[in-house]
Amino acid sequence: MKNETVALGPNQVVGAPVPRPQRSASVQTYIPEIAKGLGITMKHFFQNTKEMAFGQRNDPVLEGIEDGINCISYPEQKRPYPARFRGVHRLTQREDGAPRCVACLCCSTACPAQCIHIEAGEYPEGDPRRGYERFPKRFVIDELRCIFCGFCVEACPVDAIRMDTGVHAAPYDSREQFIFEKDILMGFPGRDGSRLTGNSRHEPGEGGHPGVDRDKH
Amino acid sequence: MEPLDQELDEAELEMPTEPMLLNVGPAHPAMHGTVRCVMELSGEIIEHVDVQVGYLHRGFEKMCERGTWTQVFPYVDRCNYVSPMLNNVAFALACEKMLGVTVPERCQWYRIILGELARMSDHLTCDGAMAMELGAFTPFLWMIKAREMIWDLLEEETGARLTHSFGRVGGMASPPTDNLKDNARAVTQHILSVVDEVEKLLLGNRIFLDRLEGIGVISQADAISLGWTGPCLRATGVAYDVRKASPYLKYGELDFEVPVGTTGDCFDRFMVRLAEMRQSARIIEQACQRMADKGPVNIDDPRIILPPKEEVYNTIEGTIQHFKIVMEGLKLPAGEVYAYTEGGNGELGFYLVSDGSGTPYRVRIRPPCFLITAGLERIITGAMMADVVPSFGSLNMIGGECDR
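Residues numbered from 1 in each chain as written. Chains lettered and ligands numbered in written order. Predicted model: local features only at pLDDT ≥ 70, side-chain atom pairs only at ≥ 80, totals over all residues. Heavy atoms only, no water.

Q: Give me the lowdown on the overall build of chain A, citing residues and values where you can.
A: A tally of regular secondary structure across chain A gives 5 helices and 6 strands. Counting every position in chain A, which comprises 217 residues, the buried fraction comes to 38%. Nonlocal contacts in chain A, meaning residues at least 24 apart in sequence, comprise 62% of its contacts between residues at least 6 apart. As displayed, chain A offers around 12500 Å² of accessible surface, 56% of which is attributable to carbon and sulfur atoms. (Helix = DSSP H or I, 4+ residues; strand = E, 2+ residues; numbered from the N terminus. Buried < 20%, exposed > 50% of the residue type's maximum accessible area, 1.4 Å probe, protein only. Contact = heavy atoms within 4.5 Å. Areas by Shrake-Rupley, 256 points an atom, 1.4 Å probe, with all protein chains shown as cover.)

Q: If you had to explain the side chain of B:Ser280 to someone new, which residues and values would you point to?
A: Residue and element names in this part refer to chain B. Here Ser280 is to be found in helix H12 (residues 266-290). Of the polar contacts made by the side chain of Ser280, one reaches the side chain of Glu116; its length is 2.8 Å. When residues no more than four places from it in sequence are discounted, the contact partners of Ser280 are Glu116, Arg119 and Met120. (Polar contact = N/O pair within 3.5 Å; in protein donor to acceptor, adjacent residues only side chain to side chain.)

Q: Lay out the sheet that holds strand E6 (residues 179-180) of chain A in plain terms, naming residues and giving numbers.
A: Residues and elements named next belong to chain A. Taken in spatial order, the 3 strands make up an open sheet running E3-E4-E6, and their pairing is antiparallel. Unpaired on one side and paired on the other, strand E3 (116-122) and E6 mark the two borders of the sheet. One ladder, built from 7 bridges, connects E3 with strand E4 (residues 134-142); its direction is antiparallel. If you follow Glu122 over to E4, its bridge partner there is Arg134. (Pairing = 2+ DSSP bridges.)

Q: Tell me about the interface of chain B and chain A, and please be specific about residues and values.
A: Counting residues at the interface gives 76 residues for chain B and 61 residues for chain A. Regarding the contact of chain B and chain A, the summed buried area is about 5500 Å², with carbon and sulfur atoms giving 54% of it. Per-residue buried area on chain B facing chain A is highest for B:Arg206, B:Thr262 and B:Tyr313; these three make up 13% of the total on that side. Across the chain B-chain A interface, the total number found is 7 salt bridges. As a salt-bridge pair, A:Lys43 and B:Glu197 come within 3.5 Å of each other at their nearest N and O atoms. Scanning the region where chain B abuts chain A turns up 23 residue pairs in polar contact (both at pLDDT 80 or more). Element by element, the count of residues in the side of chain B that touches chain A is highest for helix H6 (residues 137-158) of chain B, at 9 residues. Sheet topology places strand E1 (residues 16-17) of chain A next to strand E6 (residues 259-260) of chain B; 2 bridges connect them, and they run parallel. Opposite A:Ala16, over in E6(B), you have B:Pro259 as the bridge partner. (Buried area = accessible area lost by both parts, 1.4 Å probe. Salt bridge = Lys/Arg side-chain N within 4 Å of Asp/Glu carboxyl O.)

Q: Break down the state of the cysteines for me, with residues and values.
A: Inspection of the entire model under this criterion finds 0 disulfides over all chains. Not part of a disulfide, A:Cys115 finds its nearest cysteine sulfur in A:Cys111, a span of 3.7 Å. On the basis of relative accessible area, A:Cys115 is assigned to the buried category, the value being 6%. Of all cysteine sulfurs, the one in B:Cys95 lies closest to B:Cys107, which takes part in no disulfide; the gap is 13 Å. We classify B:Cys107 as buried; its relative accessible area is 0%. (Disulfide = S-S within 2.5 Å.)

Q: Explain the pattern of salt bridges to me, and be specific about the residues and the numbers.
A: Counting across every chain of the model gives 42 salt bridges over all chains. Close ionic contact of A:Arg20 with B:Asp268 constitutes a salt bridge, the shortest N to O distance being 2.9 Å. With A:Arg20 in the loop between E1 and helix H1 (25-28) and B:Asp268 in helix H12, the pair connects residues from two separate chains. Residue A:Arg20 is classed as partly exposed on the basis of its relative accessible area of 22%.

Q: Tell me about unusual backbone geometry, and please be specific about residues and values.
A: Within the chain, A:Ala103 stands out as a residue other than glycine whose phi angle is a positive 55°. One can find A:Ala103 in the loop between strand E2 (90-91) and helix H3 (106-110). In this model, B:Asn396 sits at a positive phi of 55°, which is unusual for a non-glycine residue. For B:Asn396, the location among the structural elements is in the loop between helix H17 (388-395) and helix H18 (399-403). The buried category is assigned to B:Asn396, whose relative accessible area is 3%.

Q: So what's going on with a nonpolar patch on the surface? Residues and values would help.
A: Together, A:Tyr30, A:Ile31, A:Ile34, A:Leu38, A:Met42, A:Phe45, A:Phe46 and B:Ile207 give the surface a local cluster of nonpolar side chains, amounting to about 790 Å² of exposed area. For the nonpolar patch, the leading source of residues is helix H2 (residues 31-53) of chain A, giving 6 residues. Take B:Ile207: it is sitting in helix H8 (residues 206-212). (Patch = residues over 30% accessible without salt bridge, like charges linked within 9 Å, V, L, I, M, F, W, Y side chains within 5 Å.)

Next comes the structure, spelled out in structure tokens:
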């Protein structure tokens with residue numbers, strides 16, 4: 001029983017038929033083909049054992065794509081995550097150690113899993129930032145609810161939240177330990193070891209910034 | 001008193017002949033996704049089968065109505081979780097069709113490369129798992145190792161192995177990395193060698209051939225009336241491929257073939273997938289050649305795409321635009337649209353209804369798996385119990401997509 005190949009659509013697409021099984025004598029009698037198949041697997045087997053025996057094991061990072069054994073003996077050996085890897089969040093800091101976050105709630109709005117909780121607060125009287133921006137009194141991320149989509153990083157208008165720690169979500173014993181508060185989030189350094197923000201926006205009062213003292217001009 | 005043997009002659013010899021009911025699934029190793037088959041067996045022959053889906057139903061379509069259009073991307077990642085990038089691209093294309101915009105050329109090539117890699121990963125998983133279920137474990141391991149390379153590449157591009165959330169309406173989340181082309185070429189080369197080796201290992205194996213050839217046959221008419229698309233339909237000889245029939249992105253300019261089967265049995269479905277991987281490799285090579293190394297990836301429209309970060313930090317216009325998109329959501333014009341692409345398993349369509357607010361009014365997905373799984377009953381009724389495994393394996397039912 002063979003179906004006709006039909007041409008379809010305005011473009012009259014004609015398919016390229018795939019081959020049917022070739023039942024030659026050697027296939028029908030099992031043995032020769034079994035030997036051939038075993039030959040292929042044995043080729044791999046001996047190649048792999050040779051590599052193991054002579055210590056020629058591939059480097060799983062640099063030669064991960066090569067033939068042979070590319071096992072990573074986790075946790076003794078770890079594969080570095082690529083530059084874009086989205087790991088555990090961190091909150092960046094300013095020069096004086098204050099959080100860069102201005103509690104604008106963009107990240108918690110953009111979050112599809114609704115795992116970010118922010119309570120905004122005013123800087124105290126006399127602080128130059130008072131009246132200019134707010135700060136997060138509480139900044140909580142539930143790492144169990146988080147789906148690591150990276151939308152919060154994209155939504156942040158001041159480069160305050162990042163996912164470039166290069167750390168994947170660690171396993172803990174209890175649910176409470178997955179609730180990351182502000183101090184934990186600010187404690188993570190980035191991949192380069194820095195906790196500083198990359199945001200070039202000026203602090204209030206500095207020359208060139210269009211902020212609080214705009215009315216004076 | 002009557003003799004004993006007379007009673008034996010008159011009495012009917014009673015055999016328990018009512019059919020045996022057998023549950024396979026929802027958590028059976030041979031059932032890829034969570035699907036349950038209640039089979040009525042007469043001996044080893046399946047008299048009647050009731051295929052029950054829905055064990056992985058998560059309310060995808062309803063959930064989408066909660067957030068913004070952008071927030072749908074993480075959900076579509078989790079529909080077909082073997083080729084999430086194809087879903088990302090399909091949904092982005094549907095939204096762009098509604099907006100009436102086209103992404104820059106570089107982005108189109110980028111989407112093609114990532115999408116074809118995802119298609120390869122889909123086919124590698126299906127063919128590998130199918131071979132494993134028939135007892136051939138080695139090809140499975142080789143193919144999964146090859147798939148791992150695709151996922152490493154996608155991780156390098158997108159930041160996550162599986163749940164990329166990488167598509168955006170009007171572009172991609174980030175531009176291609178510098179070594180995308182080298183990586184894609186190296187990975188496809190390796191996958192082609194794996195495909196060749198798997199072919200050598202399996203196609204001379206009579207046990208494998210006997211278990212696939214002539215099993216799970218479906219006619220062209222049945223396949224079309226069930227709404228089958230993708231490799232399963234093409235295995236019956238119908239050369240329907242959305243990439244050819246109604247080209248989207250840059251597929252119309254590419255040179256590739258549509259592999260079709262001749263009988264519509266499990267063997268054809270297996271071979272069509274293998275052949276499609278070779279075609280995907282051709283597409284990736286052509287796309288790598290034609291994709292520019294420099295140039296915009298996202299469309300230049302501040303109403304759709306978030307402004308560059310430097311502008312957000314330093315200019316009030318950028319900040320306002322950023323806040324408008326994040327807080328209100330991207331506004332799609334009121335109306336409805338159906339956009340369809342070739343997913344890993346067939347025609348993957350999105351039917352979107354927008355009321356003009358930033359939130360989807362209705363998101364309906366046309367999952368190819370759902371319609372294909374509907375045909376499972378037809379292809380295994382009357383077959384032997386052992387034929388269920390290759391038949392179901394060759395359909396490549398993906399729970400997340402089928403049950404939504």
